[in-house]
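Listed below, chain by chain, are the residues.
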Amino acid sequence: MLRNEEIQTLITAIGAGVAEDFDISKARYHKVVLMADADIDGSHIRTLLLTFFYRQLPELVKSGYVYIAQPPLFRADIGKERRYVKDEAELRRIEAENEGRKIEVNRFKGLGEMDWQELGHTTMAPESRSLLQVSVEDAAIADQVFSTLMGDDVEARRTFIQGNAKDVRFLDI
Amino acid sequence: MPDEGRVDDGVDTIEPIEIQEEMERSFLDYAMSVITARALPDARDGLKPVHRRILYGMYEGGLRPDRPHRKCASAVGDVMGKYHPHGDNAIYDALARMAQDFSLRYPLIDGHGNFGSPDPNDRPAAMRYTEARLAPLAMQMLGEIDEETVDATATYDGQNDEPIVLPARFPNLLVNGVNGIAVGMSTSIPPHNLREVIDAAVHVLDNPQATPDDLMAYVKGPDFPTGALLLGRAGLEEVYRTGRGSVKIRAVAEIEEGVRGDQRIVVSEVPYQTSVETIGQKIAELVNDRQIDGVRDVRNESSGDTVRLVIDLKRDANAQVVLNQLYKRTMMQNSFSVHMLALVDGVPRLLNLAAALSVYVGHQIDVVTRRSEHRLAVARRRAHIVEGLLRALDHIDEIIAIIRGSQDAAAARDSLMGEPFSFSEVQATHILDMQLRRLAQLEGQKLRDEQAELLARIGELEAILADESKLRAVIKEELVAIRDEFGDDRRTRVVFDPGDIDTLDLIEDEEVVVVLSHKGYVKAVTSDAFRSQGRGGRGVTGAKLRDEDYVEHLITTTAHSYLLFFSDRGRVYRIRAHEIPMKDRTARGTALVNLLALQQDERIQAIIDTRTYEDGAYLFFVTRGGVVKKTRMSEYDSSLRSGLIAINLKEGDELVRVVQTTGSDDIFMVSRGGMTIRFSENDVRPMGRATAGVRGCASRATTTASLAATLPATRR
């Protein structure tokens with residue numbers, strides 16, 4: 001896994017080494033922001049990256065240097081007003097607030113669907129973006145979650161999926 | 001570090017999230033989406049979303065069987081833009097697979113151009129080269145989709161509608177099978193024969209409570225597009241009863257003898273999802289690493305639709321041993337894991353044969369009910385209009401007067417809808433749109449004919465909707481029509497697994513005659529083939545042999561009996577009589593090397609049959625050098641397919657006879673020179689299997705034993 005070119009680049013860019021050689025004081029960035037498409041494949045990539053950080057650069061996560069960008073899922077045009085919407089719950093709220101008005105909704109399939117001004121404004125610009133800061137409250141629980149979700153035990157994974165199937169946020173096509 | 005709530009870190013809006021919460025949430029979104037909307041098929045139509053969208057997209061795009069082929073790129077672009085916002089490669093791969101006659105048992109897409117071959121290095125040409133349209137069978141998947149037979153939903157961008165399931169007028173889930181890896185679960189359903197599956201579905205229509213075992217009377221096992229052999233029924237029973245298990249597939253291979261006595265193995269069908277190229281390479285690898293002996297050369301002589309892999313053997317190689325090694329160490333024998341997981345009401349469920357078909361039949365009842373309701377509504381609407389037109393024709397003069405007296409069309413319509421006629425709005429509109437030629441006598445008759453037809457049709461549809469047995473009969477009739485139009489013979493033959501203990505249960509224990517020729521051709525013939533004749537009859541041909549060959553051994557036995565073949569080298573091989581291929585009375589037979597792991601030039605000297613290795617029975621061996629040995633028969637009761645030592649021979653000696661004795665018989669031995677000796681076998685003490693025996697007669701260099709017989713103690 002560590003031979004992967006993208007991972008190599010990532011480690012080099014952060015500049016604090018990896019695994020046992022990791023030295024948090026050498027980290028060149030204190031905000032490492034994960035930015036993935038707002039669809040389920042984005043979710044998948046996010047789980048893979050978080051696993052990498054947690055397993056290989058745990059100090060980075062524990063120090064709160066890892067953030068998650070929140071690109072909008074919808075663009076809603078209400079008359080002349082343009083709104084970027086984070087999730088379906090917010091969209092429904094907006095629809096309820098503007099009842100009777102025509103709302104044109106566009107669902108983003110990926111970051112590539114936005115032009116640079118749009119992406120900058122909604123996701124990247126510090127003035128207007130909203131980030132999630134990843135924290136580790138209880139290392140034991142976190143460890144267990146990683147083992148279940150990303151480990152070799154398919155049975156445990158299936159049990160987790162079956163037990164939590166109802167909590168799913170959205171299903172993608 | 002922030003603990004809770006929003007924190008204003010300079011300018012950013014930052015919310016904290018615990019890593020395990022983010023992991024669980026993201027993972028669950030991903031896992032559930034892949035499970036319910038990507039990797040698993042719907043049990044009703046057997047399609048994953050990408051396949052369904054390709055078929056529907058091509059249907060909507062007019063790429064139907066009666067239209068010309070169009071570039072795959074245009075179909076892929078269409079599907080990607082309208083229905084499936086994912087990578088074009090994934091879509092093209094799925095499309096190409098549905099066109100490959102080696103991937104799908106019944107391809108749903110009619111491809112034109114290079115769609116690749118089973119060889120993983122031989123991929124389809126790029127989608128700008130290849131062309132496609134729907135195959136006629138795909139129209140049965142989509143059939144009647146325009147008659148409100150299935151629900152539709154908005155596409156990802158809300159611009160179009162797409163069906164959530166296809167009508168699937170044949171049981172595609174089992175017929176074409178499917179493979180998919182989701183998260184924490186996966187599915188693997190092998191393809192089946194269309195005729196067999198439809199017959200089973202018809203059985204379920206008649207008997208909703210049918211069990212997997214009932215249905216196995218119709219579904220004999222998977223039927224792969226690439227043919228080959230399916231070994232054993234035991235695995236199949238588990239697969240169809242529980243929905244999971246595995247089946248063994250084996251290549252079709254024959255040992256052939258060349259003119260110069262050299263041997264080669266010719267492979268003519270290979271297991272599903274492997275290729276001649278892969279197997280050829282693997283054999284070459286094994287030979288190079290000296291892991292397999294006896295192979296001189298491997299040649300791929302496949303061309304067009306014909307598979308032919310020739311494996312030339314070294315002169316001293318034992319063909320059967322090499323073949324068994326190839327089965328064991330290459331993809332020439334392969335295990336196909338079955339895990340029949342599919343979505344039922346959006347939830348993944350493991351389906352056994354009966355459950356899979358009953359979900360399908362339920363879907364068909366739904367589809368045909370909805371179609372009938374739709375057709376009924378259409379017929380009723382039309383009947384209503386026709387009724388209005390006919391009534392108008394009957395009173396045409398009054399109608400014309402009303403219309404002429406009206407200010408405008410709206411007024412005319414209102415008048416028609418009022419007293420005395422009380423036409424409905426639809427009827428009134430149609431009357432106003434009526435052309436003058438309708439007034440001709442014959443036109444009126446046409447309308448009356450149409451009305452009669454519509455009323456009959458309405459009655460028929462109402463009957464179907466009111467009576468489920470009528471509905472089931474319609475489904476049955478339509479399934480049978482598809483079976484008759486698209487069904488074909490099975491390609492994969494289900495054969496007995498040599499290691500399958502349940503085999504005997506499935507074979508009739510009939511009487512057979514086993515014939516072995518001097519040159520080693522063996523066959524089994526039912527004893528009925530030789531009818532009784534009077535003494536002095538001419539007899540019938542027992543075998544048509546090549547020049548200089550003659551029948552050397554003939555033994556009557558039963559199909560379940562063991563046959564022990566003793567060779568001149570003192571080895572013994574055991575098979576069941578039913579394993580010998582049944583042939584016609586006049587056939588030559590198969591070379592014995594196809595059944596036994598004989599060495600070069602090894603000859604069979606005796607065949608002994610036994611059912612039970614009964615107690616107290618002995619085998620009595622006589623060698624050319626006059627050595628005899630007596631051993632309990634039970635010593636030979638083990639699986640001896642690859643051969644085992646029956647008697648240790650001295651250098652230059654050979655086994656000439658083996659007879660079965662009771663332990664106290666008298667033995668007669670005759671030498672080539674005509675000298676005979678009789679002695680009681682009590683004089684020979686029983687010995688173990690792999691021993692050399694004792695002197696049977698005073699052998700002189702010139703006299704060698706050539707015959708032996710027994711006189712049972714009871715007849716002395």
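Residues numbered from 1 in each chain as written. Chains lettered and ligands numbered in written order. Predicted model: local features only at pLDDT ≥ 70, side-chain atom pairs only at ≥ 80, totals over all residues. Heavy atoms only, no water.

1. Quick notes on the overall build of chain B
Our working definition: Runs of E in the DSSP output that reach at least two residues are strands. Runs of H or I that reach at least four are helices, and both are numbered from the N terminus. Atoms counted for the radius of gyration: C-alpha only. Globule rule: 2.2 Å times the number of residues to the power 0.38. Residue exposure (1.4 Å probe, protein chains only): buried if accessible area is under 20% of the type maximum, exposed if over 50%, otherwise partly exposed. Should any heavy atoms of two residues lie within 4.5 Å, those residues are considered in contact. To measure how exposed things are, a 1.4 Å probe is used in the Shrake-Rupley method; for residues, cover is taken only from the protein chains shown.
When you go through chain B residue by residue, the secondary structure sums to 17 helices and 34 strands. Against the globule reference of 27 Å for 716 residues, chain B gives a C-alpha radius of gyration of 38 Å, more extended than a compact globule. For the C-alpha atoms alone, the extent of chain B along its principal axes is close to 135 × 90 × 45 Å. Taking all 716 residues of chain B together, the buried fraction comes to 49%. In chain B, of all internal contacts separated by at least 6 residues, the share reaching a separation of at least 24 is 70%. Accessible area of chain B: about 33,700 Å², with a carbon and sulfur share of 46%.

2. Quick notes on the pattern of salt bridges
Just so we agree on the cut-off: Think of a salt bridge as a Lys or Arg side-chain nitrogen and an Asp or Glu carboxyl oxygen that are within 4 Å of each other.
Within this structure, the stated rule accounts for 50 salt bridges over all chains. The salt bridge involving Asp77(A) is made with Arg82(A); its shortest N-O contact spans 2.9 Å. A residue is classified by how much of its surface remains accessible, and Arg82(A), at 45% relative accessible area, is partly exposed. Linked by salt bridges that have partners in common, Arg105(B), Glu196(B), Asp223(B), Asp488(B), Arg490(B) and Arg491(B) make up one network.

3. Describing the domain arrangement of chain B
Often, the extent of an interface is quoted as the loss of accessible area upon association of its parts. Residues and elements named next belong to chain B. To keep things clear, this is the line we draw: Either an automatic procedure or a domain database provided the assignment from which the domain bounds are taken. Here the quantity called buried area is the total loss of accessible area, with a 1.4 Å probe, experienced by two parts when brought into contact, counted for both.
For chain B, the assigned domains read domain 1 (47-157), domain 2 (168-251 + 332-499), domain 3 (252-331) and domain 4 (503-531 + 541-715). The centre of domain 2, based on its C-alpha atoms, is set 48 Å off from the matching centre of domain 3. Counting from both sides, the interface comprises 17 residues of domain 2 and, opposite them, 14 residues of domain 3. Between domain 2 and domain 3 the total buried area reaches about 1,400 Å² when both faces are included, carbon and sulfur atoms providing 62% of it. Taken together, the links from domain 2 to domain 3 amount to one salt bridge. Measuring nitrogen to oxygen at the nearest pair gives 3.1 Å for the salt bridge that ties glutamate 269 to arginine 493.

4. Description of the side chain of Thr369(B)
Residues and elements named next belong to chain B. Let me state the cut-off plainly: Definition of a polar contact: a pair of N or O atoms within 3.5 Å, with one able to donate and the other able to accept a hydrogen when the atoms are protein atoms, and with sequence-neighbouring residues admitted only if both atoms are side-chain atoms.
As for its placement among the helices and strands, threonine 369 is situated in helix 12 (residues 353-394). Within the structure, the side chain of threonine 369 is placed 2.5 Å from the backbone oxygen of isoleucine 365, a separation counted as a polar contact. In this structure threonine 369 touches Leu465 and Leu471, once residues within four positions along its chain are discounted.

5. Some words on the pairing of strand 13 (residues 263-269) of chain B
As a general feature of sheets, a regular strand has side chains that alternate between the two faces. Residue and element names in this part refer to chain B. Selection rule: We treat two strands as partners when DSSP finds at least two bridges between them.
Two elements, strand 12 (residues 252-257) and strand 13, share six bridges in a ladder whose sense is antiparallel. Of the residues in strand 13, the one forming a bridge with glutamate 257 is glutamine 263. Counting the residues that bridge the hairpin from strand 12 to strand 13 gives five residues, and of these glycine 261 lies at a positive phi of roughly 80°. When strand 13 meets strand 15 (residues 309-313), the two strands line up antiparallel, connected through four bridges. Within the sheet, the bridge partner assigned to valine 267 lies in strand 15 and is leucine 309.

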